[in-house]
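Architecture and fold: a report
Single-letter residue listing:
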Amino acid sequence: MPELPDVELYIGLLREKLVGRTLTGIKLFNPFVLRSVSPKPLDLVGLAVVGLRRIGKRVVIEFPEERFLVIHLMIAGRFRWVEGGSEDVRLGGKISMAAMTFENGALFLTEAGTKKRASIAVVQGESALSEHDPGGIDVLNCSLEQFGKALLAESQTVKKRLTDPHVFSGIGNAYSDEILHAARISPVRRSNSLTPEEIKRLHSAMGCVLRDWVDRLQRQFAGKFPGAGDITAFRPEFAVHGKFGRPCPVCGRPVQRICYADNESNYCAQCQNDGRILADRALSRLLKDDWPRSFD
Ligand SMILES: [Zn+2]
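Residue numbering note: each chain is counted from 1, following its sequence as written. Given that the model is predicted, a residue must reach a pLDDT of at least 70 before its local features are reported, and side-chain atom pairs must reach 80 or more before they are shown or counted; all residues, however, enter totals for whole chains, interfaces and linings.

What about the domain arrangement of the chain?
An automatic or database domain assignment supplies the residue ranges for each domain. Per the domain assignment, the segments making up the chain are domain 1 (4–130) and domain 2 (137–290). With centres defined by C-alpha atoms, the gap from domain 1 to domain 2 works out at 29 Å. Counting from the N terminus, the helices are the DSSP runs of H or I reaching at least four residues and the strands are the DSSP runs of E reaching at least two. Top element by residues in the side of domain 1 that touches domain 2 is helix 1 (residues 4–18). It accounts for eight residues. Each residue is assigned to one of three groups, with Ala, Val, Leu, Ile, Met, Phe, Trp, Tyr, Cys and Pro labelled nonpolar, Asp, Glu, Lys and Arg labelled charged, and all others, Gly among them, labelled polar. Partitioned by chemical class, the residues of the side of domain 1 that touches domain 2 number seven nonpolar, three polar and five charged.

The following block contains the structure:
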């Protein structure tokens, strides 16, 4: 969390706000947020933004001569935009980790909660930038063949495989639940036991679910910057994720859950597991390392 559709939403809005605009200041309120040594953040001041990119779940603000500001929101990191070129960097509030001011407004990186995991890195050069890429394949543009190969390469639960940033780029706990439900595949199926027909269904479900949500969020926030609470893993229109006990929109049976550590994953037993409910606690013990633990 945030996952691909959320990050795409931010990127689209930031592209509108920032491209062609000059960075006039940058201030870090928590020194640990910075994960790079050189170049310094202040080296970017005075430069105009030339583009925005997404690397997995990271937002990359691109400056001239291959200089990049790489921001990883992790779980609780969010952006806040204050229009109007204000110099008052306190506007971001107590949870501000960093403020970047531009001619036309101020961009804050905020992070609620006590675990501070969001990060900023300043990077020089494309090859240094590529070190921030966990290497998962581009899920919006991968072919069926690429997808199947990545899925089958190891025997893991399909849930773990889909959410591994080294395998697939940008999918986390929420959207993997939605994708598996749309594909009618159980989250605990072994990735290398999937039939060609199931792989095809999963590939198509992944594209449909993610594209649909990218479009939906862009329509919902057309031109207006989302508040912290708008970037959430719990959307009312989700089919199963965060819907434990609620009726499955396809078959009407109650949505089930699997709890692991502080994660909860949701599925429909009827649609995804031939009507069989997966035993929760026993399953969690059994899965141990075979369940997503981090939400990179
Ligand atoms: Zn169902």
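What to know about the packing of helix 5 (residues 173–183) against helix 6 (residues 196–220)
One can describe the packing of helix 5 onto helix 6 by two numbers: an axis separation of 8 Å at closest approach and a directional angle of 130°. One element, helix 5, and the other, helix 6, form an angle in the oblique class. You can see that helix 5 and helix 6 cross each other, and the crossing is right-handed. Side by side, helix 5 and helix 6 meet where Tyr175, Glu178, Ile179, Ala182 and Ala183 of the first sit next to Arg201, Leu202, Ala205, Met206, Cys208, Val209 and Leu210 of the second. Note on method: axes are straight lines fitted to C-alpha atoms, helices fitted across the in-contact stretch only, with angles between N-to-C directions ranging 0 to 180 degrees. Put simply, angles under 35 degrees are roughly parallel, angles over 145 are roughly antiparallel, angles from 65 to 115 are roughly perpendicular, and the rest are oblique. Each crossing is labelled by how the near helix is turned from the far one, with a counterclockwise turn of less than a right angle marking it left-handed and a clockwise turn marking it right-handed. Placing C-beta atoms from the backbone, we regard two residues as in contact once those atoms come within 7 Å.

Structural notes on the sheet that holds strand 4 (residues 67–72)
Across the sheet, which stays open at both edges, the four strands sit in the order 2-3-4-8 with antiparallel pairing between neighbours. This sheet does not close on itself; its edge strands, each paired only once, are strand 2 (51–55) and strand 8 (119–124). With strand direction ignored, the average angle separating the axes of adjacent strands in the sheet is 25°. Note on pairing: DSSP must find at least two bridges between two strands before they are called paired.

Examining helix 1
In this model, helix 1 (15 residues) spans 20 Å end to end at C-alpha, consistent with the 21 Å of a helix rising 1.5 Å per residue. Any residue with 12 or fewer other C-beta atoms within 10 Å of its own C-beta is exposed, any with 20 or more is buried, and the rest are partly exposed; the C-beta atoms used are placed from the backbone. Every buried residue belonging to helix 1 is among Leu4, Pro5, Asp6, Val7, Glu8, Leu9, Tyr10, Leu13 and Leu18, and all of these are buried. Where helix 1 is buried, its residues touch strand 2, strand 3 (58–63), strand 5 (77–83), strand 6 (96–102), helix 5 and helix 6. Backbone geometry just downstream of helix 1 places glycine 20 in the positive-phi region, at approximately 90°. Expected helix span is taken as 1.5 Å per residue step, with the number of steps being one fewer than the number of residues.

Considerations on the pairing of strand 7 (residues 105–111)
Taking burial as the measure, the seven residues of strand 7 include six buried ones, the bulk of the element. Summarising the sheet, strand 5 and strand 7 pair through seven bridges and their orientation is antiparallel. Bridging across to strand 7, glutamate 83 finds its partner in glycine 105. Looking at chain direction, strand 6 and strand 7 are connected through six bridges and run antiparallel. Looking across to strand 7, one finds that alanine 98 is bridged to leucine 109. In sequence, strand 6 turns back onto strand 7 through a hairpin of two residues.

Remarks on the nonpolar core
Grouped together as the largest cluster of nonpolar side chains are 67 residues, with contacts concentrated most on Phe68, Leu69, Leu109 and Ile179. With seven residues, helix 6 is the single largest residue contributor to this core. Counting contributing residues, this core receives three or more from each of domain 1 (4–130) and domain 2 (137–290). Beyond its immediate sequence surroundings of up to four residues, leucine 69 is in contact with Leu44, Ile61, Ile120 and Val122. Think of a nonpolar core as buried Ala, Val, Leu, Ile, Met, Phe, Trp, Tyr and Cys residues chained together by C-beta atoms that fall within 7 Å.

Remarks on the environment of serine 38
Mapped onto the secondary structure, serine 38 falls in the loop between strand 1 (23–28) and strand 2. Expressed as a C-alpha distance, the spacing of serine 38 and valine 250, which sit 212 residues apart in the sequence, is 52 Å.

Things to note about the sheet that holds strand 6
The strand order 1-6-7-5 describes an open sheet built from four strands, whose pairing is antiparallel. The open sheet is flanked by strand 1 and strand 5, the only strands paired with a single partner. Direction aside, neighbouring strands of the sheet carry axes that sit 15° apart on average.

A look at unusual backbone geometry
Residue proline 2 follows methionine 1 across a cis peptide bond; omega there is -15°. Considering the arrangement of structural elements, one finds proline 2 in the segment before helix 1. Even without being glycine, glutamate 66 reaches a positive phi, approximately 55°. Phi at methionine 74 is positive, roughly 50°, even though this residue is not glycine. With respect to the helices, strands and loops of the structure, methionine 74 is situated in the loop between strand 4 and strand 5. Methionine 74 gets classed as partly exposed once you count the C-beta atoms within 10 Å, which come to 19.

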